[in-house]
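The lines below spell out each chain.
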Amino acid sequence: MKEYMRVSTIKKLMVIGFACLMPWAALQASEVTIISLTNPPASNGIRIGDILQRVVEVDAPDGVQLPKTSLPMKGDNRNGIELQDILVESSKKDGHQRYLITISYQVFANANHPVVMQLPAEHFILTGSSQALSIDIPAWHFWYSPLVSAGIKNARDQLQPQYKATLLDLNTHHRKLLMWVVVLVVGAFGLIYVNADKRWLPFMGGVFAKAHRRIKQLSKQPEAEKVALMYLHQAFNKTYGANLFADEVDTFLIQHPKFTKVKQEINAFFKESNMTLFGQRQSNQASHLGELVRLSKRLRDCERGV
């Protein structure tokens, strides 16, 4: 009987203990905790116009909300400290509501000497809970450094006139640009004139240029070597004004001195031509045709004066 009464007494005490702990546990579950509070990195040397930022991270029970009506309004000025912006980001983590509050202040205070000022304390009320929940951010003190050590009533008298920037003379740059454009055009024209085979520019349709175009197209034709020799002989004859033979090369060069620099190649051409067309010599057609292509190109360049 005594043991039964002892066990019953213990159960009653446990029930009473749990009953006492439940309100405390419920209170703990509904608390709002400031996880971190980051203030500006420097608390001295702050001047008018500087922007100071505070970042607060808050942990609240799930379902608790931070309404916009609880936040201070932008532009609110308290003792020379203006609220420039406030940004609230919310997220959920481990069944709790997380709030990241970023508050930006701008200093518009005026003082003639260094003085201690403060970012104001903030009080945010949260909703969504049966209990009154709030966030309290303490004030943050800093040293304000004035720009001048006295009043600035005579600032208007100290104003200096503004001067326009010195104008640059662009004529020199324009002349240089024009000169380089001319050089570029002349150089491009020269490259085209020297290397182009088509007859679409003046002075590019000479007889040797025509012979060169034809000879380059003979690689797969039968008797290509003899046809190439015929094209070159025709070009020499048209330039000379009559049939040109080997013993008349010197006379041809006197009449057309621009071909003098290839005199040796011209003499070799007539010698090889006579042996190929009138002799029994068997030569490597592909090799000889390549030599004729190179010779016709050199004659074309002499014809163009390059």
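Definitions and limits used
- Each chain carries its own residue numbering, running from 1 in the direction its sequence is written.
- A pLDDT threshold of at least 70 governs which residues receive local features in this predicted model, and a stricter bar of 80 or more applies before side-chain atom pairs are shown or counted, although totals over entire chains, interfaces and linings include all residues.
- In computing side-chain properties, one takes all heavy atoms of the structure into account and sets aside hydrogens as well as water.
- By nonpolar core is meant a set of buried Ala, Val, Leu, Ile, Met, Phe, Trp, Tyr and Cys residues that side-chain atoms within 4.5 Å join together.
- A simple rule labels every residue: compare its accessible area, found with a 1.4 Å probe on the protein chains alone, to the largest value its type can have, and call it buried under 20%, exposed over 50%, or partly exposed in between.
- Numbering of helices and strands starts at the N terminus; helices are DSSP runs of H or I of at least 4 residues and strands are runs of E of at least 2.
- In this description, contact between two residues means that some pair of their heavy atoms is separated by no more than 4.5 Å.
- Like-charged residues are merged into a patch within 9 Å and nonpolar side chains (Val, Leu, Ile, Met, Phe, Trp, Tyr) within 5 Å, provided each residue has over 30% relative accessible area and no salt bridge.
- Using a 1.4 Å probe, the Shrake-Rupley method yields the accessible areas, and only the shown protein chains count as cover for residues.
- Salt bridges are defined as contacts in which a side-chain nitrogen from Lys or Arg sits within 4 Å of a carboxyl oxygen from Asp or Glu.
- When DSSP locates at least two bridges between a pair of strands, those strands are taken to pair.
- Two rings from Phe, Tyr or Trp (for Trp, the six-membered ring) form a pair when their centres sit within 6.5 Å of each other. Planes less than 30 degrees apart are called stacked, planes more than 60 degrees apart edge-to-face, and all others tilted.
- Under the convention used throughout, the expected extent of a helix is 1.5 Å for every residue step, that is, one less than its residue count.

*Asks:* Quick one: what's the story with the nonpolar core, residue by residue and with numbers?
*Replies:* Among the nonpolar cores identified, the biggest contains 28 residues, and I101, I103, V107, F124, L126 and F142 are the most heavily contacted of them. Taken together, the elements giving at least two residues each to this core come down to β2 (51–61), β4 (81–93), β5 (96–107), β6 (115–119), β7 (122–126), β8 (133–137) and β9 (140–144). Once you skip the residues sitting within four places of it in the chain, F124 turns out to touch L66, S70, L71, P72, I86, I101, I103, L133, S134, I135 and I137. In this structure, F208, A211, L253 and F270 belong to the second largest nonpolar core, which totals 26 residues.

*Asks:* How would you sum up a nonpolar patch on the surface? Please name residues and give values.
*Replies:* Where nonpolar side chains cluster on the molecular surface, the patch consists of I48, F108 and L147 and spans about 280 Å² of accessible area. Looking at where F108 falls in the secondary structure, it is placed in the loop between β5 and β6.

*Asks:* Hey, could you go over the side chain of H233 for me, with residue numbers and the actual values?
*Replies:* Mapped onto the elements, H233 comes out in helix α4 (residues 224–240). A relative accessible area of 16% means that H233 is categorised as buried. Residues within four places of H233 in sequence aside, it is in contact with F269, F270, S273 and L277.

*Asks:* Can you break down the pairing of β5 residue by residue, with the values?
*Replies:* Most of β5 sits out of view: ten of its twelve residues are buried. Two elements, β2 and β5, share eleven bridges in a ladder whose sense is antiparallel. Residue pairing in the sheet places V55 in a bridge with T102 of β5. The hairpin formed by β4 and β5 contains two residues between the paired strands, and D94 there has a positive phi angle of roughly 55°.

*Asks:* Report on the packing of aromatic side chains, specifying residues and quantitative values.
*Replies:* All chains considered together, the criterion is met by nine aromatic pairs. Seen from their ring centres, W140 and F142 are 5.8 Å apart, and the 25° between their planes marks the pair as stacked. When its relative accessible area of 12% is taken as the criterion, W140 is described as buried. With a centroid separation of 5.3 Å and 75° between ring planes, the pair formed by F269 and F270 is classed as edge-to-face. Across the pair, exposure class does not vary: F269 and F270 are buried alike. In this structure an aromatic cluster arises from ring pairing among F208, F236, Y240, F252, F259, F269 and F270.

*Asks:* Report on α4, specifying residues and quantitative values.
*Replies:* With 17 residues, α4 extends 24 Å from end C-alpha to end C-alpha; this agrees with the ideal 24 Å at 1.5 Å per step. Considered for burial, the residues of α4 that qualify are A224, E225, A228, L229, Y231, L232, H233, A235, F236, T239 and Y240.

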